[in-house]
Amino acid sequence: MTRTFAAVAAGVLLASAATGSAAQDPDWADPAAIRASGHAAEPLPAGLLAAYEMRDAEAADHLGRFLATSPTDVVARRTAMSTLAVVHLRNGAYAEAATLLEAALADFAPGSDERRGVEQTLAVARALGGVPPQTRAPLRPGSVAFTRDLAGLPRVPLTINGQIREYVFDTGANLSVVTETQARELGLEMRGETAGVGSITQEAAPAHIGVARTLTIGDLQFHDVVFLVMPDASLSFANGAYVIPGILGFPVISRLERVTVADGRVAWAPSAGPAADRDLFVSGLTPRVYGHVAGGAPVPFALDTGANRTSLRPVALETRPDLAGGAVARTRTVGSAGGTQQVEGRRLSLLTLRFDAVEVTLSGVDVAEESSGGDDVHGRLGQDVLSRGYVIDFPGGDFALMSDAESPE
């Protein structure tokens, strides 16, 4: 049976001050601007840039030295604390992350979106207190076949606590996710506290925290993998016609290092090293890539393999008002972890994107406000572009689309 889903973005987002330009100096939200500022050697900019480039040990050193000076600039202080907290989360230092986020809360106005985001992330960090960091066996090249589900999202085979599953492969999910039914069947270790987490619709969805003792993809095994455990209804769409039992998220996918998705397979290998012209950065737990929109200067997109369609945010049209010609008002239904929501926006009839030398023309691209991992992000790159095949080198900072000659689709 074939069904059409207007828009699906499977994953969840952990919001924090580190991912929102409204909470920091606008130049700090752009890695290229940090490099060009002439201040990239100073502790705070150096730490932020290292965090964007997943040089986490360097980020922790620079940001720790900056905070040791007892900075009085509120925006600088809270940016450093929240960024360092997310670096700790990426590396499983959950108690350290919680301590920093607790200290950062005082620098945010009560009731503000930024404070709510920090509170959400803090709830997760607290719930993980005492959980060992995620670990991975030595990385050797490997691959698995993937299938596409009714929404066109890729699903990969996994073995979790000895049980075989097939979950959505989702770089846009800040943590891996399972339903409550799946968590019970898999025997996840449940943590006592709950955490409200965001989705692209910006709604906070209730969740518990669960931990898998082992997770294996291909022949590669991980230990102590964190999952958000959500009500079954939060991952059921179209009156139950489309159900997501689970999602493999960024913390596991990024540790595959160099990921190639093409010809019906997800392959991984050790990083090829730093890219000569870096176009992939990580803001908190959200990967972002830089691409050209309609021949313009490169702008950031959230890289979301769990989104079936590419979309833009209003900031894209504010930067390029020429793109709005012919746009029509439209209400669309967006499904994500937490359910569905009606979103008001506009639709562009055609849009051309270019990544490196590969150009893609899309029709019917929606423009609407959604949470995409930063106020400066211009949109979300989804499967209507990514289905042609791609390579992501997380440590190397490299993203490449397959050319027409290379693409199997």
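Each remark here, short or long, concerns the structure printed above.
Residues numbered from 1 in each chain as written. Predicted model: local features only at pLDDT ≥ 70, side-chain atom pairs only at ≥ 80, totals over all residues. Heavy atoms only, no water.

J.: Is there a simple way to explain the sheet that holds strand 23 (residues 390–393) in this structure?
T.: In any sheet, the strands associate via hydrogen bonds between backbone groups, in a parallel or an antiparallel arrangement. Reading across the sheet, the five strands line up as 2-14-13-23-24 and stay open at both edges, with antiparallel pairing between neighbours. Taken across any chain shown, the strands that pair with only one partner, and hence form the sheet edges, are strand 2 (142–145) and strand 24 (398–401). Each neighbouring strand pair of the sheet contributes to a mean axis angle of 10°, computed without reference to strand direction. Sheet topology note: the strand 2/strand 14 (residues 265–269) ladder contains four bridges and is antiparallel. Counterpart to Ala145 in the pairing with strand 14 is Arg265. (Pairing = 2+ DSSP bridges. Helix = DSSP H or I, 4+ residues; strand = E, 2+ residues; numbered from the N terminus. Axes fitted to C-alpha atoms, helices over the stretch in contact; angles between N-to-C directions.)

J.: What am I meant to see in the layout of surface pockets here?
T.: Empty space among the atoms can be located by rolling a probe the size of a water molecule over them. Empty space within the second largest pocket amounts to approximately 300 Å³. Around the second largest pocket, the lining comprises 19 residues; the ones closest to its centre are Leu89, Arg90, Gly92, Gln134 and Pro251. Those elements that provide at least two residues to the lining of the second largest pocket are helix 4 (74–90), strand 1 (135–136), strand 9 (220–230) and helix 8 (250–253). (1 Å grid on protein atoms, 1.4 Å probe; cavity = no way out; pocket = protein on both sides within 12 Å on 5 of 7 lines; lining within 4 Å. Points joined across faces, edges and corners; volume = space filled by probe spheres on them.)

J.: What is the right way to look at helix 3 (residues 56–67) in this model?
T.: Helical geometry: 3.6 residues make up each α-helical turn, so side chains three or four residues apart lie on a common side. Here helix 3 is 12 residues long and its end C-alpha atoms lie 16 Å apart, about the 16 Å a rise of 1.5 Å per residue gives. Among the structural elements, helix 2 (43–52) and helix 4 are those in contact with the buried residues of helix 3. (Expected span 1.5 Å × (residues − 1). Contact = heavy atoms within 4.5 Å.)

J.: Where do I start with the packing of helix 4 against helix 5 (residues 94–105) in this structure?
T.: In a pair of packed helices, the angle between the axes and the distance between the axes together describe the arrangement. Put simply, helix 4 and helix 5 touch, their axes get as near as 8 Å, and they point 160° apart. By the criterion of interaxial angle, the relationship of helix 4 to helix 5 is roughly antiparallel. Where helix 4 crosses over helix 5, the handedness of that crossing is left-handed. Residues Met81, Ser82, Leu84, Ala85, His88 and Leu89 of helix 4 lie in contact with helix 5, whose contacting residues are Tyr94, Glu96, Ala97, Leu100, Leu101, Ala103 and Ala104. For the contact of helix 4 with helix 5, the residue count by class is 10 nonpolar, two polar and one charged. (Parallel < 35°, antiparallel > 145°, perpendicular 65-115°, else oblique. Left-handed = near helix turned anticlockwise from the far one by under 90°. Nonpolar A, V, L, I, M, F, W, Y, C, P; charged D, E, K, R; others polar.)

J.: Explain the side chain of Asp149 here, please?
T.: Along the chain, Asp149 falls in the loop between strand 3 (147–148) and strand 4 (154–160). In terms of polar contacts, Asp149 uses its side chain to reach the backbone amide nitrogen of Ala151, at 3.0 Å. Engagement of the side chain of Asp149 in a polar contact is seen with the side chain of Arg155, the distance being 2.8 Å. Aside from chain neighbours lying at most four places away, what touches Asp149 is Arg155, Val168 and Tyr242. (Polar contact = N/O pair within 3.5 Å; in protein donor to acceptor, adjacent residues only side chain to side chain.)

J.: Please clarify how the packing of aromatic side chains should be interpreted in this entry.
T.: Aromatic rings considered in pairs are described by the distance between their centres and by the relative angle of their planes. All told, the structure shown has five aromatic pairs when counted by the stated rule. Summarising the aromatic geometry, the rings of Phe301 and Phe355 are spaced 6.2 Å apart at their centres and angled 65° between planes, so their arrangement reads as edge-to-face. Of this pair, Phe301 sits in strand 17 (residues 298–303) while Phe355 sits in strand 20 (residues 339–355), placing them 54 residues apart in sequence. Assessed through its relative accessible area of 2%, Phe355 is described here as buried. Following the ring pairs from residue to residue traces out a cluster consisting of Phe301, Phe355 and Phe399. (Phe/Tyr/Trp six-rings, centres within 6.5 Å; stacked < 30°, edge-to-face > 60°. Buried < 20%, exposed > 50% of the residue type's maximum accessible area, 1.4 Å probe, protein only.)

J.: How do you make sense of the pairing of strand 17 when you look at a structure like this?
T.: Both faces of the sheet carry side chains from a regular strand, because those side chains alternate between them. By the criterion of burial, strand 17 is predominantly enclosed, with five of the six residues buried. Summarising the sheet, strand 16 (residues 286–293) and strand 17 pair through five bridges and their orientation is antiparallel. Bridge pairing in strand 17 places Arg288 opposite Ala302. If you look at the hairpin formed by strand 16 and strand 17, you'll find four residues sitting between the two strands, and Ala294 has a positive phi there, around 50°. For strand 17 and strand 22 (residues 379–381), the ladder comprises three bridges, and the chain directions are parallel.

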